[in-house]
Amino acid sequence: MKRFFVLLLVCMLAVTAVFANGDDESATGSEPATTSAYEKKSIAVVYSTFTDMLGSEFKGSLESLAQYFNIDFHFIETGYNTEEAQAKTDAMFQMDLDGVIFVSPTVATLEAAYKRNIPVIALNEPVDEETGKQLRAYPNYLGGVVNDDYAIGRNAAKALYDAGCRKICISYLTPGTSKNHQDRYDGFKDALKNYPDMIVLSESSSRAQWPAAVKTFAAAFPEMDGLFSTAFSEPGYNAIKKNGLVGKFKLATADISESTADYIDNGVICSISGGQYNKIMLAFAALYNYLYDGTRILDTLGGYSYTPFIQITSSKDYKVYEKYVTGGTNWVYTPQIIEKLIMGINPDMTPEKFDEFCKAYSISQVMSLRSGN
Amino acid sequence: MEERDIQKELENKAKRKELLMNILPFAGLILITVFFIIVTKGRILRVDNLANLVNSMFTITLASCGAVFVYAHGGLDFSIGSTSGLAQFICIFMIMKLGLPVPLGILGAVFIAMAACSIVGLASIKLHIHPFVASLCVKNITAGLLSVLTQKAGGQITLDYSRFKIFNSVWLKGMVLVVMVGLGFYLFERTKLGKIQKAIGGNSRTVEQAGISVRKYKMLAYMVLGFCVGIAAFFQMTRIGTVSSSSGSGLEFDIMIAMVLGGFPMSGGSAAKFRQFVLGGITMTILTNGLTMWGLDVSYVSLVKGLLLIVLVSVSYDRSIMKQVSIISL
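Student: Help me out: how do you make sense of the overall build of chain A in this one?
Tutor: A count of helical and extended segments in chain A gives 15 helices and 12 strands. A separation of at least 24 residues holds for 70% of the contacts in chain A among residues at least 6 apart in sequence. When the accessible surface of chain A is summed, it comes to about 15000 Å², and 54% of that surface belongs to carbon and sulfur atoms.

Structure, rendered in structure tokens:
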């Protein structure tokens, strides 16, 4: 029986290995590039997980570009263990890579990439100045296409105020964990100065324990009529439903997940920001500019180009968002749109136009781009 | 005549079992190495990657050198991840913000780690709190402190990476590893300090009745763990180059996985061997490295990792200990 069990496991492993083998191009979504006009490139994409909604949308967005640009993408999940993340990053550099898209590169990452002459592009700004200074000193650091997280907080405060909320609570990620969340929090707190009659009852920081925060706030402050959370996820929505809190307060948050539509429909969400899937496609465009002919498109922009989130405040907004931005088959930009952002291919493109394009991200931009294709 | 035969047969059986127990953890390591040599088409053996492997196994092996003393007496410390993070913060703060020399920074890291581990030891020994609970409390304290301190320092502190390249040299790390593993092996297998830990894990009452202070030796084990975590924290800091509120996270799980993969008995005792922890650490490092180099579709990585782990454990883990435990509980 034991031998049978071990044999079964080994067979399962072998079958999985055959199906999952990275050398099989169809596994990564990169079809044999017989139709592509471009030279084959290999790009690693490093993110904590590609199995949550944001991660899988990041992956899907890039895979939609793979065939057209003849790219072999390697998706590396670092998880949340710092030592394991570094070990995986070091192992990744053993692959024959042409470039790396790294959500938050460290100096150690840049050093490892520099030794192998691999360009790196970021999706987040460095948390502190010293890191930024050291990163910029590496010639293989191309900068980054990053989100305007500060605007999320600012927009959330306005949305809560406009929805009539005057007694609110704030739930945010443990300080020092993520600059994105810190910016969202700072944006919200700064915007509160414009609404002196909106009172903060309590604040709670945690490592993404959104449901616990909801339950605690609701129990301790029954008068709470608004909640700003720097992010929210399915367990948080479940906590609202299970504790009978639908209709008791309005929620302004970020990061769209599976139940978002339901909670917009039932009136819980008054503002949610999301759709940041575009930034990985824009980061790819910036990296491809360099891979194509050495163009460093972000250098004259101070190293970073900022792109907004899409703010959704109604069910109608969400339907449009679902149609044009997300949905698993419909990615934000088509390969042809991305191609126009490559200066070596499109002589009309300039760093300034690239920056304008990044900043103009909205549902209407996506709709008009799609209608032009 | 018949009695002698039975005796001889039992002795042979015991010898065969001991031999098997000595070989099995190596079998897991060999199995995983061969597997990844095949699937990575030999890339895992590149010189560059061997340096990566040394770098990757360094922290876990170093921390394991201390953890073996605690786990051998049946204790545990669930706080070493956040303790390592706090030790890293103190070290980087002393060096980068206060401008103190590097050796003082290392001393700072070692002191903090020893203090935190000693608190876990004291709470479990003096207050009779289960080490799991005690270490969870300390984990919260150290993680909280790290969070507050990093926030005050502007989110994170970054090392002047160019100044610390020497500490990332594979040769230096290799030497430190050899010295620490050698010292750990000697202390654990050849001196009273290690032997008594195993004896406590087997039956602490007997040890007490033999006139040996169980409390003292348990405490010493936690201090050794703290020392090793402090040294590991320094090197982890120089490797990653940045200290933030998530620094050190997950080290405690790595240690536990290494323990299982190496075939280390979970309740400690006489079957505990120093090499089990080290082998487990190496196996785990090769697993992480190999899975990344294999280039698997990311959706399959967890599935394959799970399958590999269960195959490895079924090959290397000494299940007779589990049988004994279940018989006793019956």
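Student: Whenever I open this one, the overall build of chain B confuses me. Can you help?
Tutor: Secondary structure assignment for chain B yields 12 helices and two strands. Along its sequence from the N terminus, chain B presents helices and strands in the succession α-α-α-α-α-β-α-α-α-β-α-α-α-α. Here chain B has a C-alpha radius of gyration of 21 Å; the compact-globule value for 330 residues is 20 Å, and the two agree. With respect to the three principal axes, the spread of C-alpha positions in chain B is 80 × 55 × 35 Å. Long-range contacts, defined as pairs at least 24 residues apart, comprise 79% of the intrachain contacts of chain B with a sequence gap of at least 6. The averaged location of the 15 negative side-chain charges in chain B is 8 Å from the averaged location of its 30 positive side-chain charges.

Student: What is the right way to read the sheet that holds strand β11 (residues 304-307) of chain A from this model?
Tutor: Sheet strands pair by backbone hydrogen bonding; their relative direction is either parallel or antiparallel. Residue and element names in this part refer to chain A. Spatially, the six strands line up as an open sheet ordered β2-β1-β3-β4-β5-β11, and their pairing is parallel. In this open sheet, the two edge strands, each paired with only one partner strand, are β2 (71-77) and β11. Going from strand to strand, the sheet's axes swing by 20° on average, the running direction of each strand aside. Helix α14 (residues 351-359) rests against β5 (141-147) and β11 of the sheet, and its axis sits at about 30° to β11.

Student: Please clarify how the packing of helix α6 (residues 149-162) of chain A against helix α7 (residues 179-192) of chain A should be interpreted in this entry.
Tutor: To describe two helices that pack against each other, one gives the angle between their axes and the distance between the axes. Residues and elements named next belong to chain A. Axis separation between α6 and α7 bottoms out at 6 Å; the angle between their running directions is 40°. Accordingly, the angle class assigned to the pair α6 and α7 is oblique. For α6 against α7, the interelement crossing comes out right-handed. Where α6 abuts α7, its residues Asp149, Tyr150, Ile152, Gly153, Arg154, Ala156, Ala157 and Leu160 lie against Asn180, Asp183, Arg184, Asp186, Gly187, Phe188, Asp190 and Ala191.

Student: Hey, could you run me through the domain arrangement of chain A in this one?
Tutor: Often, the extent of an interface is quoted as the loss of accessible area on bringing the components together. Residues and elements named next belong to chain A. Looking at chain A, the domain boundaries give domain 1 (28-139 + 276-310 + 332-371) and domain 2 (150-274). Look at where the C-alpha atoms of domain 1 and domain 2 centre, and you get two points 30 Å apart. At the interface, 10 residues of domain 1 touch 11 residues of domain 2. Summing both sides of the interface, domain 1 and domain 2 together bury roughly 820 Å²; the carbon and sulfur share of this comes to 50%. Counting across the interface, domain 1 meets domain 2 through four residue pairs in polar contact (both at pLDDT 80 or more).

Student: Any chance you could explain a nonpolar patch on the surface here in plain terms?
Tutor: Residue and element names in this part refer to chain B. Taken together, the side chains of Leu127, Ile129, Phe132, Val133 and Leu136 present a nonpolar region at the surface, about 400 Å² in accessible area. Along the polypeptide, Val133 turns up in helix α5 (residues 131-152). On the basis of relative accessible area, Val133 is assigned to the partly exposed category, the value being 41%.

Student: Is there a simple way to explain the packing of aromatic side chains in this structure?
Tutor: For any two aromatic rings, the description comes down to two numbers: the centre-to-centre distance and the angle of the planes. All names here are of chain A. Enumeration over the complete set of coordinates arrives at 39 aromatic pairs over all chains. Between Phe188 and Phe228 the ring centres are 4.2 Å apart and the planes differ by 5°, which places this aromatic pair in the stacked class. You can see Phe188 sitting in helix α7 and its partner Phe228 sitting in strand β8 (residues 226-229), a full 40 residues away along the chain. There is no split in this pair, since Phe188 and Phe228 are both buried. On the basis of an interplanar angle of 40° and a centroid distance of 5.6 Å, the ring pair of Tyr318 and Tyr321 is categorised as tilted. Separated by three residues within a single helix, Tyr318 and Tyr321 lie in helix α12 (residues 315-324), roughly one turn from each other. The exposure class of Tyr321 is buried, given its relative accessible area of 0%. For Arg166, the ring lying beneath its charged end belongs to Tyr161, and the centroid distance is 3.7 Å.

Student: For this particular structure, what's the right way to read the nonpolar core?
Tutor: General note: in soluble globular proteins, nonpolar side chains tend to be found buried as a group. Residue and element names in this part refer to chain B. Counting 90 residues, the largest nonpolar core has Phe36 and Leu291 as its most contacted members. Sorting elements by how many residues they give to this core places helix α8 (residues 214-240) first, with 14 residues. If we skip the residues at most four places from it in the chain, Leu291 touches Phe36, Ile286, Leu296, Val301, Val304, Lys305 and Leu308.

Student: Help me understand the pattern of salt bridges, please; the structure alone is not making it clear to me.
Tutor: Oppositely charged side chains can pair when the atoms bearing their charge come close. Residues and elements named next belong to chain A. For the structure on display, the rule yields 16 salt bridges over all chains. In this structure, the salt-bridge partner of Glu84 is Lys88, at a minimum N-O distance of 3.3 Å. One end of the pair is Glu84 and the other is Lys88, both in helix α3 (residues 82-92) and four residues apart, which spans about a single turn. Lys193 is the partner of Asp190 in a salt bridge, and the nearest nitrogen-oxygen pair spans 3.4 Å.

Student: What should I look at first to understand a negative patch on the surface in this one?
Tutor: Taken together, the side chains of B:Glu2, B:Glu3, B:Asp5 and B:Glu9 define an acidic patch exposed on the protein surface. Tracing the backbone shows B:Glu9 in helix α1 (residues 2-39).

Student: For this particular structure, what's the right way to read the side chain of B:Asn55?
Tutor: Following the sequence through the fold, B:Asn55 ends up in helix α2 (residues 47-72). The class for B:Asn55 is buried, based on a relative accessible area of 11%. If near-sequence neighbours (up to four positions away) are discounted, B:Asn55 is found in contact with A:Glu83, B:Asn168, B:Val170, B:Lys173 and B:Arg239.

Student: Help me out: how do you make sense of the interface of chain B and chain A in this one?
Tutor: Contacts between the two partners involve 51 residues from chain B, matched on the other side by 50 residues from chain A. At the boundary of chain B with chain A, total buried surface from both sides reaches about 4400 Å², with 54% on carbon and sulfur atoms. For the interface between chain B and chain A, the tally reads three salt bridges. Counting every contact that joins chain B to chain A gives eight residue pairs in polar contact (both at pLDDT 80 or more).

Student: Can you help me understand the sheet that holds strand β9 (residues 250-254) of chain A in this one?
Tutor: Residue and element names in this part refer to chain A. With mixed pairing, the six strands of this open sheet are ordered in space as β7-β6-β8-β9-β10-β12. Two strands close off the open sheet at either side, each with one partner strand: β7 (199-206) and β12 (310-312). Neighbour-to-neighbour, the strand axes of the sheet open up by a mean angle of 15°, direction not taken into account. One ladder, built from seven bridges, connects strand β6 (residues 167-173) with β7; its direction is parallel. Its bridge partner being in β7, Lys167 is matched across the sheet by Ile199. Packed onto the sheet, α7 meets β6, β7, β8 and β9 and runs at close to 160° relative to β6.

Student: What should I look at first to understand α8(B) in this one?
Tutor: Because the α-helix completes a turn every 3.6 residues, residues three or four places apart line up on one side. With 27 residues, α8(B) should reach 39 Å at 1.5 Å per residue; the first-to-last C-alpha distance of 38 Å fits that figure. In terms of residue burial, α8(B) counts as a mostly covered element, since 21 of its 27 residues are buried.

Student: I tried to follow the pairing of β6(A) on my own but got confused; where do I start?
Tutor: Side chains on a regular strand alternate between the two faces of the sheet. Residue and element names in this part refer to chain A. Counting buried positions along β6 gives six out of seven residues, so the element sits mostly inside the fold. By the bridge criterion, four bridges tie β6 to β8 in an arrangement that is parallel. What sits directly across from Cys169, in β8, is Leu227.

Student: In this structure, what is going on with the confidence of the model for chain B? I would like to understand it.
Tutor: Segments scoring low in pLDDT should not have their predicted coordinates read at a detailed level. Per-residue confidence for chain B gives a mean pLDDT of 87, with 95% of residues at or over 70. Confidence over residues 324-330 of chain B falls short of pLDDT 50; this stretch has zero contacts with residues more than four positions distant or in other chains.

Student: Quick question: what am I supposed to make of α5(B) here?
Tutor: All names here are of chain B. A rise of 1.5 Å per residue sets the reference length of α5, with its 22 residues, at 32 Å; its end C-alpha atoms lie 31 Å apart and thus fit the reference within 8%. Buried residues along α5 sit in contact with α3 (80-97), α4 (102-125), β1 (156-158), α8 and β2 (242-244). Looking one or two residues beyond α5, the residue adopting positive phi is Gly154, at roughly 95°.

Parameters at a glance
Residues numbered from 1 in each chain as written. Chains lettered and ligands numbered in written order. Predicted model: local features only at pLDDT ≥ 70, side-chain atom pairs only at ≥ 80, totals over all residues. Heavy atoms only, no water. Helix = DSSP H or I, 4+ residues; strand = E, 2+ residues; numbered from the N terminus. Contact = heavy atoms within 4.5 Å. Areas by Shrake-Rupley, 256 points an atom, 1.4 Å probe, with all protein chains shown as cover. Rg over C-alpha atoms; globule rule 2.2 N^0.38 Å. Lys, Arg positive; Asp, Glu negative; His and termini not counted. Charge placed at Lys NZ, Arg CZ, Asp CG, Glu CD. Pairing = 2+ DSSP bridges. Axes fitted to C-alpha atoms, helices over the stretch in contact; angles between N-to-C directions. Parallel < 35°, antiparallel > 145°, perpendicular 65-115°, else oblique. Left-handed = near helix turned anticlockwise from the far one by under 90°. Domains from an automatic or database assignment. Buried area = accessible area lost by both parts, 1.4 Å probe. Polar contact = N/O pair within 3.5 Å; in protein donor to acceptor, adjacent residues only side chain to side chain. Patch = residues over 30% accessible without salt bridge, like charges linked within 9 Å, V, L, I, M, F, W, Y side chains within 5 Å. Salt bridge = Lys/Arg side-chain N within 4 Å of Asp/Glu carboxyl O. Buried < 20%, exposed > 50% of the residue type's maximum accessible area, 1.4 Å probe, protein only. Phe/Tyr/Trp six-rings, centres within 6.5 Å; stacked < 30°, edge-to-face > 60°. Lys NZ or Arg CZ within 6 Å of the ring centre and 35° of its normal. Core = buried A, V, L, I, M, F, W, Y, C linked by side-chain atoms within 4.5 Å. Expected span 1.5 Å × (residues − 1). pLDDT = per-residue confidence, 0-100.

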